[in-house]
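One letter stands for each residue in the lines below.
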Amino acid sequence: MAWRLWTTQVDEVDLVENGVYEEHQSRAGANGTGPGSLMDPLEDPVPGLGTYEDFNTIDWVREKSKDRDRHREITKNSRRSTAALLHSISDAFSGWLLMLLVGLMAGALAGGIDIAAHWLTDMKEGICLDGFWFSHEHCCWKSSETTFKDRDRCPQWQTWGELITGTSEGAFSYILNYLIYIVWALFFAFLAVTLVRAFAPYACGSGIPEIKTILSGFIIRGYLGKWTLITKTVTLVLAVSSGLSLGKEGPLVHVACCCANILCHLFTKYRKNEAKRREVLSAAAAVGVSVAFGAPIGGVLFSLEEVSYYFPLKTLWRSFFAALVAAFTLRSINPFGNSRLVLFYVEFHAPWHLVELVPFIFLGIFGGLWGALFIKANIAWCRIRKTTRLGRYPIVEVLAVTAVTALVAYPNSYTRMSGAELISELFNDCSLLDSSQLCGYLQPANISETGIGNSLADRPAGPGLFTALWQLALALLFKMLITVVTFGMKVPSGLFIPSMAVGAIAGRLLGVGMEQLAYYNHDGLIFKGWCTPEADCITPGLYAMVGAAACLGGVTRMTVSLVVIMFELTGGLEYIVPLMAAAMTSKWVADAFGREGIYEAHIRLNGYPFLEPKEEFEHSSLAVDVMRPRRSDPPLAVLTQDSMTVGGVEALVESTRYSGFPVVVSQESPRLVGFVLRRDLLISIDNARKRQDGVVGASLVVFSEHPPAQAPDGPPPLRLRGIMDLSPFTVTDHTPMDITVDIFRKLGLRQCLVTHNGRLLGIITKKDILKHMAQIANRDPDSILFN
């Protein structure tokens, strides 16, 4: 009986049909040493062995084993000479040097992005007469002609209407400013989408779903390359400046990972080992959040909780160091111009009270509901974009959304300002020197003007505050709707700032409502005892901060890292408990409608082979239920250890589209010997034909340690034991699938062989597991596109 086995299938690309076979031949010829004696890949390494094709999954176990062998060799050689000892020391410190370079490069790029985005955003509204390269804030820094009421206005800064008509008043000047605002927004958006489409299609989106998938071991060539880095850096500035409802914080994680991937090529240890490179990329993800928010500790926790698949203790230390270097670099550049690292610095003077946990929990409920609704709506819209004609016209889509956004946003001051400015305004605590419209309270004559510190006691709302509340309510509806269609377009687009803006608006509205309730009912049962008439009882800015955390947690399902990022972001260390309560409530509520966060949902939408570590496998199936071949599957031949010829192996490879082959003793005795990757097999045979005399189609391919006896006049055998994995992971056919899934997750396997009493039955790949899990969840198993 012939034993036939299922092997790992490459869905996207057939190596032979697409010319990769010839590419291997040319590379082998270029690197070969000419005809020679019997070749063994174990003793005479062949260039290209151990590498992976695009859209394939790496073998974590093999990569870690390679690194251990390399480290042992360096340690052994270090005892022989001073040069080898110095090489050993430099190898040990290369990781720290790489982290230093990643932090410096990412911090410098983030500072440049912040400054450029601020400048271009202000250019939509006006220009500085002292120098067009100055932003609005920098233009008015040295001016002595600003007033308390109009502290953001100075003669050096003029709006476009004022520059053209000579006056800032009147309908004509307003309409002119309105039109120029829309034109600039469309111009920036058009440049962004055109550059992405022309130079680096991978530069669109936030990049975090793909980063998560790459860190799990998947290979996407070019996603972290130099062209993607350059294009994403430039287009991120343009996309943010266009006024679209997006942020730069998520894409900065992608930018930092691009920096790390490029710098890895300077060090052999990381250039030649995919697993080691992913440790560096995990640290780079922490760097991205560190420079995005000025939150280095939160960045490390974000990488650990949300992004990384494999996060050893050594990576934790190096992530901390890289985030520190990046934060120091950003602080040295000082892009915010306030000598502070954090994006939104707040100083709340009034303490929070136990009763306020109730509205904080309500904000958590709102954040969870919004997160669940947003994920479902955004995924539905992205699916429409992928399956209809809309996806063929990304430039038209981006320009249409930009036009609607600019048209609706300009009349409302809270939608016209950038997301970061809006959140900073909503976090603000009204003080004696504050002229913000959100501080438009009435000041009763019998209330002290001192309050607590620099803050004022609770006061009745005035006309200015009522106007601001109506504008905020409209801004909330607009932000909720427009963010759904914006995220996922073909421009760099982050989700942190839009989600926080939605939550901050809702929190500020609730905070003002609570403030007015406390003012008019300070003798009531709830407020009596801690809310006196001359006290600052309620802090609306705190509610905005809690709401921002709740909505961001509902969308991303972050918890620990979110709380740390928020208190690093704002400096509000004493408000950890409200933030924790809102974040956990938000996660619980959102999980009730679906356990996937926005990034996991986009991973599933794109069909990436990602095994979510947080997802539990609760089905009672066995390995034999999932393995290939199934009864309806076509049988596929395996390799035997010493009875197949070169011609037979090549015929098998050319007639299949599989990326690996199990090796058995013989067709009659299907006991497992090892596993050989298709790519390694092709490269080895190609090189052997050029480097070894007498290799023809009739030459025997030998995977055993001792080749069988050959006829004296026969061709020499081709020994390929060196490319075979002698210890492939195996499970028995009765192994529960929950244990098998855990093995795949924790060891990072790409395939696992199934045996019964030592006889080979089949194979389980990561794609097989993902398809099985999709069937259990009543999803389309064919949505898993890659392997």
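Residues numbered from 1 in each chain as written. Predicted model: local features only at pLDDT ≥ 70, side-chain atom pairs only at ≥ 80, totals over all residues. Heavy atoms only, no water.

Draft legend 1. Representation of the environment of Pro 359. Within the secondary structure, Pro 359 is located in helix H14 (residues 357-387). The buried category is assigned to Pro 359, whose relative accessible area is 7%. Residues Pro 359 and Leu 510, spaced 151 residues apart in sequence, show a C-alpha to C-alpha distance of 7.9 Å. Residues in contact with Pro 359, not counting those within four places in the same chain, are Leu 510, Met 514 and Tyr 543. (Helix = DSSP H or I, 4+ residues; strand = E, 2+ residues; numbered from the N terminus. Buried < 20%, exposed > 50% of the residue type's maximum accessible area, 1.4 Å probe, protein only. Contact = heavy atoms within 4.5 Å.)

Draft legend 2. Representation of the state of the cysteines within the structure. In total, this model carries two disulfides according to the counting rule given. The disulfide partner of Cys 128 is Cys 139, and the gap between their sulfur atoms is 2.1 Å. Classification of the bridge connecting Cys 128 and Cys 139 rests on its S-S torsion, roughly 75°, and on that basis the disulfide is right-handed. You can see Cys 128 sitting in strand S1 (residues 126-128) and its partner Cys 139 sitting in helix H4 (residues 136-139), a full eleven residues away along the chain. With respect to burial, Cys 128 and Cys 139 carry one shared label: buried. Between Cys 140 and Cys 154 runs a disulfide, and the two sulfur atoms are separated by 2.0 Å. Negative torsions about the S-S bond denote left-handed disulfides, and the value of about -75° found for Cys 140 with Cys 154 makes this one left-handed. (Disulfide = S-S within 2.5 Å.)

Draft legend 3. Representation of the UniProt feature "transmembrane region" (unreviewed entry) in the chain. In the numbering used here, UniProt assigns the "transmembrane region" (unreviewed entry) feature to residues 96-120, 178-203, 280-304, 354-373, 393-410, 468-489 and 495-512. A helix fraction of 85% and a strand fraction of 0% characterise residues 354-373, whose end C-alpha atoms lie 30 Å from each other. (UniProt positions renumbered as here; feature names shortened; annotations may be inferred.)

Draft legend 4. Structural context of the sheet that holds strand S9 (residues 730-732). With respect to topology, three strands assemble into an open sheet ordered S9-S10-S11, the strand pairing being mixed. Pairing within the sheet leaves two strands with one partner each, and these edge strands are S9 and strand S11 (759-765). Each strand axis lies, on average, 35° off the axis of its neighbour in the sheet, ignoring direction. Across six bridges, strand S10 (residues 751-756) lies against S11 in antiparallel orientation. Among the inter-strand pairings, Thr 755 is bridged to a residue of S11, identified as Leu 760. Most of the contacts of helix H27 (residues 737-747) go to S11, to which it runs at about 65°, and overall it touches S9, S10 and S11. (Pairing = 2+ DSSP bridges. Axes fitted to C-alpha atoms, helices over the stretch in contact; angles between N-to-C directions.)

Draft legend 5. Region of interest: the pattern of salt bridges. Applying the stated criterion to the full structure yields 19 salt bridges. Between Arg 70 and Asp 67 there is a salt bridge, with the nearest N and O atoms lying 3.1 Å from each other. A residue pair is termed a helical-turn pair when its members lie 3 or 4 positions apart in one helix, as Arg 70 and Asp 67 do in helix H2 (residues 60-77) at three residues. When its relative accessible area of 25% is taken as the criterion, Arg 70 is described as partly exposed. Among the ionic pairs, Arg 385 bridges to Glu 397, the shortest N-O distance being 2.8 Å. Taken together, the positions of Arg 385 in helix H14 and Glu 397 in helix H15 (residues 394-409) put the pair twelve residues apart, joining distant regions of the chain. In terms of burial, Arg 385 and Glu 397 fall into one category: buried. Among the ionic contacts, a cluster of salt bridges with common partners joins Lys 64, Lys 276 and Glu 279. (Salt bridge = Lys/Arg side-chain N within 4 Å of Asp/Glu carboxyl O.)

Draft legend 6. Main features of the pairing of S10. Burial analysis of S10 places five of its six residues in the buried class, the great majority of the element. As defined by bridge partners, S9 adjoins S10 across three bridges and the pair is classed as parallel. Counterpart to Thr 730 in the pairing with S10 is Leu 753. Crossover S9 to S10 through H27 is right-handed. From the end of S10 to the start of S11, which pair antiparallel, there are two residues, and Asn 757 there has a positive phi angle of about 55°. (Right-handed = clockwise from strand over helix to strand, strands pointing away.)

Draft legend 7. Molecular detail of the pairing of strand S5 (residues 660-664). Counted residue by residue, S5 has five buried out of five residues, so it is predominantly covered. Side chains Gly 660, Pro 662 and Val 664 project from S5 onto one buried face, and the interleaved Phe 661 and Val 663 project onto a second face that is buried too.

Draft legend 8. Representation of helix H3 (residues 82-123) in the model. Taking 1.5 Å of rise per residue, the 42 residues of H3 would be expected to cover 62 Å, and the 60 Å separating its terminal C-alpha atoms lies within 8% of that figure. Maximum bend of H3: about 40°, positioned at Phe 93. With a side-chain oxygen lying 3.2 Å from the backbone nitrogen of Ala 84, the N-terminal cap of H3 falls on Ser 81. (Expected span 1.5 Å × (residues − 1). Bend = angle between axes of the 7 residues up to and from the residue. Polar contact = N/O pair within 3.5 Å; in protein donor to acceptor, adjacent residues only side chain to side chain.)

Draft legend 9. Molecular detail of unusual backbone geometry. Note the cis peptide between Arg 628 and Pro 629, where omega equals 5°. Along the chain, Pro 629 falls in the loop between helix H24 (623-626) and strand S3 (639-640). Unlike most non-glycine residues, Arg 557 shows phi in positive territory, near 65°. Positive phi is not limited to glycine here, since Asn 757 has a value of about 55°. Secondary-structure assignment places Asn 757 in the loop between S10 and S11.

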